[in-house]
Amino acid sequence: MKHCRFFFLLLVVPVFLVSCSEDREGDIQNNPIEEPQSDHAPTDVLLYSKNPNGYNELYKLENGQESLVLGDSNYDYWWAKVRPDKQKLLVYRSLVNPEKNHDDYQNAELVLADIDGSNAEVIIAKNSFGWNAQGVCRWNNDGTKILMCAEIQTPQGLQWRLVTTDALGKNPKVLSDRWAIDCNFSVDNERIVFMGYKDNALSFDFTKLELQQGDYDALTDTVTNVVSLTANTTRDHDPDFSPNNEQLVFSAGNASYSDVDLVLYDLKTNEERILLNDTAANGGSMCWSADGRNIFFHSLEILKSPFRIKCVNVETGRVTTLLEDTGNAYGFFHPEAY
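Residues numbered from 1 in each chain as written. Predicted model: local features only at pLDDT ≥ 70, side-chain atom pairs only at ≥ 80, totals over all residues. Heavy atoms only, no water.

### Structural notes on the overall build of the protein chain
Next, step 1: Along its length, the protein chain carries zero helices and 26 strands.
Next, step 2: Buried residues in the protein chain amount to 58% of all 338 residues.
Next, step 3: For the protein chain, the exposed surface amounts to about 13700 Å²; the carbon and sulfur share of it is 46%. (Helix = DSSP H or I, 4+ residues; strand = E, 2+ residues; numbered from the N terminus. Buried < 20%, exposed > 50% of the residue type's maximum accessible area, 1.4 Å probe, protein only. Areas by Shrake-Rupley, 256 points an atom, 1.4 Å probe, with all protein chains shown as cover.)

### Quick word on the confidence of the model for the protein chain
Next, step 1: For the protein chain, per-residue confidence averages 89 on the pLDDT scale, and residues scoring 70 or more make up 88% of the total.
Next, step 2: Per-residue pLDDT stays below 50 along residues 1–39; that stretch engages in 140 contacts with residues further than four places along the chain or on separate chains. (pLDDT = per-residue confidence, 0-100. Contact = heavy atoms within 4.5 Å.)

### Describing the packing of aromatic side chains
Next, step 1: A full pass over the atoms with the stated rule returns 10 aromatic pairs.
Next, step 2: Aromatic pair Trp78 and Tyr105: ring centres 5.7 Å apart, planes at 90 degrees, arrangement edge-to-face. In this pair, Trp78 is assigned in strand β6 (residues 75–82) and Tyr105 in the loop between β7 (88–95) and β8 (109–114), connecting sequence segments 27 residues apart. When sorted by exposure, Trp78 lands in the same class as Tyr105, which is buried.
Next, step 3: Between Phe307 and Phe333 the ring centres are 5.4 Å apart and the planes differ by 65 degrees, which places this aromatic pair in the edge-to-face class. Pair noted here: Phe307 is in the loop between β23 (294–300) and β24 (308–313) and Phe333 is in strand β26 (residues 332–337), with a separation of 26 residues, a long-range link.
Next, step 4: With a relative accessible area of 1%, Phe333 lands in the buried category.
Next, step 5: Three or more aromatic residues link up through ring pairs in this structure, and these residues are Tyr48, Tyr59, Tyr330 and Phe332.
Next, step 6: The aromatic ring of Tyr59 is capped on one face by Lys50, whose charged end is 4.6 Å from the ring centroid.
Next, step 7: Between the NZ or CZ atom of Lys81 and the centre of the ring of Trp79, over which it lies, the distance is 5.1 Å. (Phe/Tyr/Trp six-rings, centres within 6.5 Å; stacked < 30°, edge-to-face > 60°. Lys NZ or Arg CZ within 6 Å of the ring centre and 35° of its normal.)

### Quick word on the nonpolar core
As a rule of thumb, nonpolar side chains are buried together in soluble globular proteins.
Next, step 1: Counting 48 residues, the largest nonpolar core has Met148 and Ile192 as its most contacted members.
Next, step 2: The element contributing the most residues to this core is strand β11 (residues 145–154), with six residues.
Next, step 3: Other than its neighbours up to four places away in sequence, Ile192 contacts Leu147, Leu162, Leu175, Asn184, Phe185, Gln212, Gln213, Gly214, Tyr216 and Val223.
Next, step 4: With 15 residues, the next largest nonpolar core counts Val45, Leu47, Val69 and Ala80 among its residues. (Core = buried A, V, L, I, M, F, W, Y, C linked by side-chain atoms within 4.5 Å.)

Right, here's the structure in full:
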């Protein structure tokens, strides 16, 4: 039985602008209001993709200045992840496809490069290890392991699985026999979270996707004691741990993923809290600022504008638009802060 890929599946309609707007403090859950104000914008360095030239290039924003990191008219680059020592980065690339300019998992290749984009090399080529697709790579806390999801052949057909490799994309290991997407390591390297179905009861009802957690043993490279952290009615994706390892942010949307909110999960109280509730599709490769005060994400107002990159203050709910095209001609995708 073959199951669909349920990552971020929105099709988008394909000048740089910094620190555009920030919300007034108000109703965090139901009334985010953006207005020009940049005094409280975070100072983290950002990596992100944008496509003004008809293909996705990887850019860096540092101290208000933008620079190109990786670009090739033959490829789309998307989903950058910085190694903990900040010397290297991982990023996916796929052949240019105007109909799908990011998250093309079936055509993805994983690239390792220096943090400035130099010395880039493909470390996991398309269809390596017999995989049908790959995506959502993450580093462990010391940069010695890469966690990702791969679509592999199983007795039940093609299914997504948790997979680890070494730091060079070698020696792959499938971690479990259950369906899994959108994986991530905890900060202390003792847990792995992902999105899946309770008791692995597979379904085409995407709102049954739940936040799952398993204990991770780094010595044996195994995951055990998998449990569902959530039991909600939303379609959940892309969890990321806070720097203090006490909270998770994830996106929670409707089945079509056209209206997607941001939710915080408290790992001490096991409670969910809606952080951002508006009419946009929010999420993507979400990440926290180094100080834990802000969360970066990309956001699409369907039929109104392309993807933008924003951040939301965890305490106040203020939303700041960091990157957008003033002419609504192209989008910005998958922020990575470091």
